[in-house]
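Inside the fold
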Amino acid sequence: MTAPTPKPSVSEREARQVAEAAREQDWRKPSFAKELFLGRFRLDLIHPHPMPPPEDALRGEEFLAKLRAFCETKIDSARIEREARIPDETIKGLKELGALGMKIDTKYGGLGLTQVYYNKALALVGSASPAIGALLSAHQSIGVPQPLKIFGTQEQKDAFLPRCATTDITAFLLTEPDVGSDPARLATTAVPDGDGGDHYVLDGVKLWTTNGVVADLLVVMARVPKSEGHKGGITAFVVEADSEGVTVENRNAFMGLRGLENGVTRFHQVRVPAANRIGPEGAGLKIALTTLNTGRLSLPAMCVGAGKWCLKIAREWSGAVSSGVSRSRTTRRSARRSPSSRRPRSRSKPYSTSPRRWPTRTATTSASRPHSPSCTAPRWPG
Ligand SMILES: Cc1cc2nc3c(=O)[nH]c(=O)nc-3n(C[C@H](O)[C@H](O)[C@H](O)COP(=O)(O)OP(=O)(O)OC[C@H]3O[C@@H](n4cnc5c(N)ncnc54)[C@H](O)[C@@H]3O)c2cc1C
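Criteria and cut-off values
- Residues numbered from 1 in each chain as written.
- Predicted model: local features only at pLDDT ≥ 70, side-chain atom pairs only at ≥ 80, totals over all residues.
- Helix = DSSP H or I, 4+ residues; strand = E, 2+ residues; numbered from the N terminus.
- Buried ≥ 20, exposed ≤ 12 C-beta atoms within 10 Å, placed from the backbone.
- Contact = placed C-beta atoms within 7 Å.
- Axes fitted to C-alpha atoms, helices over the stretch in contact; angles between N-to-C directions.
- Parallel < 35°, antiparallel > 145°, perpendicular 65-115°, else oblique.
- Expected span 1.5 Å × (residues − 1).
- Near = placed C-beta within 6 Å.
- Nonpolar A, V, L, I, M, F, W, Y, C, P; charged D, E, K, R; others polar.
- Core = buried A, V, L, I, M, F, W, Y, C linked by C-beta atoms within 7 Å.
- Left-handed = near helix turned anticlockwise from the far one by under 90°.
- Pairing = 2+ DSSP bridges.
- pLDDT = per-residue confidence, 0-100.

We now examine the overall build of the protein. From N to C terminus, the protein includes 12 helices and 8 strands. Taken over 382 residues, the protein has a buried fraction of 35%. Once local pairs closer than 6 in sequence are excluded, the contacts in the protein between residues at least 24 apart make up 75%.

A word on the packing of helix 3 (residues 54-74) against helix 6 (residues 115-128). Close contact between helix 3 and helix 6 brings their axes to 10 Å; oriented N to C, the two are set at 5°. As judged from the angle between their axes, helix 3 and helix 6 are roughly parallel. Here Gly-60, Phe-63, Leu-64, Leu-67, Arg-68 and Cys-71 of helix 3 lie close against helix 6, whose contacting residues are Tyr-117, Lys-120, Ala-121, Leu-124, Val-125 and Ala-128.

With 13 residues, helix 7 (residues 130-142) ought to run about 18 Å at 1.5 Å a step, and its terminal C-alpha atoms sit 17 Å apart, in line with that. Taken across its 13 residues, helix 7 has 13 buried, putting it largely inside the fold.

What follows concerns the site of the ligand. Around the ligand sit 13 residues in total, of which Leu-174, Gly-180, Ser-181, Trp-208 and Thr-210 are the nearest. For the shell around the ligand, the residue count by class is 6 nonpolar, 6 polar and 1 charged.

Moving on to the environment of Ser-141. Positionally, Ser-141 belongs in helix 7. Judged by C-beta crowding, with 24 C-beta atoms within 10 Å, Ser-141 ranks as buried. For the pair Ser-141 and Thr-291, spaced 150 residues apart in the sequence, the C-alpha separation amounts to 7.6 Å. Not counting residues up to four positions away in its chain, the partners in contact with Ser-141 are Gln-146, Gly-295 and Ser-298.

Soluble globular proteins: nonpolar side chains tend toward being buried together. Formed by 71 residues in total, the largest nonpolar core has its most connected members in Ala-121, Val-125, Leu-218, Val-220, Met-221 and Phe-237. Ranked by residues supplied to this core, first place goes to helix 6 with 8 residues. Excluding anything up to four places from it in sequence, Met-221 contacts Leu-173, Leu-174, Leu-186, Ile-234, Ala-236, Gly-284, Leu-285 and Ala-288.

Time to look at the environment of Gly-98. When you line up the elements, Gly-98 lands in the loop between helix 5 (88-97) and helix 6. Taking the C-alpha atoms as reference points, Gly-98 and Gly-110, 12 residues apart in sequence, are found 6.9 Å from one another.

Moving on: the packing of helix 3 against helix 5. Relative orientation of the contacting elements helix 3 and helix 5 amounts to 170°, with a least axis distance of 11 Å. On the basis of their axis angle, the class for helix 3 and helix 5 is roughly antiparallel. Here helix 3 runs over helix 5; the crossing is right-handed. Every residue of helix 5 that contacts helix 3 at Lys-66, Leu-67, Phe-70 and Lys-74 is listed here: Thr-90, Gly-93 and Leu-97. When its residues are assigned to classes, the contact of helix 3 with helix 5 shows 3 nonpolar, 2 polar and 2 charged.

Okay, the pairing of strand 3 (residues 199-210) next. Within strand 3, 9 of the 12 residues are buried, leaving the element largely enclosed by the surrounding structure. Bridge count between strand 2 (residues 189-193) and strand 3: 5 bridges; the pairing is antiparallel. Bridge pairing links Asp-193 to His-199 in strand 3. The antiparallel hairpin formed by strand 2 and strand 3 contains 5 residues in its connecting segment, where Gly-194 sits at a positive phi of about 85°.

Turning to unusual backbone geometry, a few remarks are in order. A cis geometry characterises the amide bond from His-47 onward to Pro-48, with omega recorded as -5°. Here Pro-48 is to be found in the loop between helix 2 (32-37) and helix 3. The phi torsion at Trp-208 lies on the positive side, around 60°, for a residue other than glycine. Note that Trp-208 resides in strand 3. The phi angle at Leu-257 is positive, at roughly 50°, despite the residue not being glycine.

A few words on the pairing of strand 1 (residues 170-173). Taking every second residue as pointing to the same face, both faces of strand 1 are buried, with Thr-170 and Phe-172 on one and Ala-171 and Leu-173 on the other. Pairing analysis gives 4 bridges linking strand 1 to strand 4 (residues 217-224), with the strands arranged parallel. Counterpart to Thr-170 in the pairing with strand 4 is Leu-217.

All right, on to the confidence of the model for the protein then. When pLDDT is averaged along the protein, the result is 84; 82% of the residues meet or exceed 70. Here residues 323-382 scores under 50 on pLDDT; set against residues more than four positions off or in separate chains, the count is 70 contacts.

Quick look at the environment of Phe-172 now. Looking at the element boundaries, Phe-172 is found in strand 1. Here the alpha-carbon distance between Phe-172 and Val-219, two residues 47 residues apart in the chain, equals 5.0 Å. Filtering out sequence-adjacent residues up to four positions away, Phe-172 remains in contact with Ala-138, Ile-142, Gly-143 and Val-219.

Written as structure tokens, this is what we have:
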């Protein structure tokens, strides 16, 4: 093992400058939240919610139906948590479904879903298995496809996006041991080398690399030293994960999300073609933060999916209905059903999470009342 790369010493003022300079500045649309902070309630910015064009909705709904069927029959979340890994056949099935390319344009072999349908898909798959939700999200929300989509050259898109849409899992490597919220101290270096600087040599260590343990392609943020002809600064690169000198030194273990392929990756004298640099030297932190701005949209979507799933299970356990409105609807519907049908519906098993642990009593107790219609498989945000 090589010695740790020394961290640059950075004052508080410099740290702030680096973070501020990397902020996204070109906001093209007004922000509902910003307007609220300014004391203006701009309901028109969020209501009515724009409807997708019919062809986008059709494509999205068709994919959601296939994904739901896959979740119900092919994902065993309990096994993933037990074995702390996603089975190979599940990953293969997801690739065949096109789930690696949900947000990638159809001209590169992706499904070309809108952000809304991408989020719905993550809410669905994330409640079947959070580890799979994290894998798909880290790959498409922050991994190689997203920065290339916004900042990549046409050549880079042509070279990498078809792989990202179909076969290659990708990861986003910004954080380092002791460098998280304070990227000014980023210590991984990319030193220009070769004839006319036709490649860079990367050295350093990255931590918390979601997907990094199994990834085929990485987007890596590294510091280019300032020199003649090189502006220098934090710069983003696409790196082949099987390049010589790339080592996964640890797979991190978590209490939940045990199937997460998150680890520590070391770069030792790794040669990266200059053609794999995303944007100019010094633009890497801005690229990373802009990527994260869009990428983080998928986290609330998965939280909504998880919340709905938890609520569904809690309601099925209690047999409860949540409000007068749904209680009266339930009563009316129950009355229309024949007496023999007035038993608890079989435990809906949209996914093979843990149906065996759900209550099985059939006596007429509060726990066995017919479920409210809203207690069946959750409907995802419309
Ligand atoms: C499950 C998981 C997955 C991850 N996946 C990835 C990934 O794929 N790629 C990647 O690059 N990184 C990833 N990360 C890293 C994550 O983005 C970092 O954890 C994050 O940037 C925070 O860095 P840190 O952990 O070093 O915390 P620190 O920066 O040490 O912060 C610790 C606490 O101090 C607070 N704090 C820090 N500085 C200040 C300040 N100046 N003023 C006030 N409060 C402050 C923070 O808000 C935080 O609460 C992942 C982390 C986790 C846990």
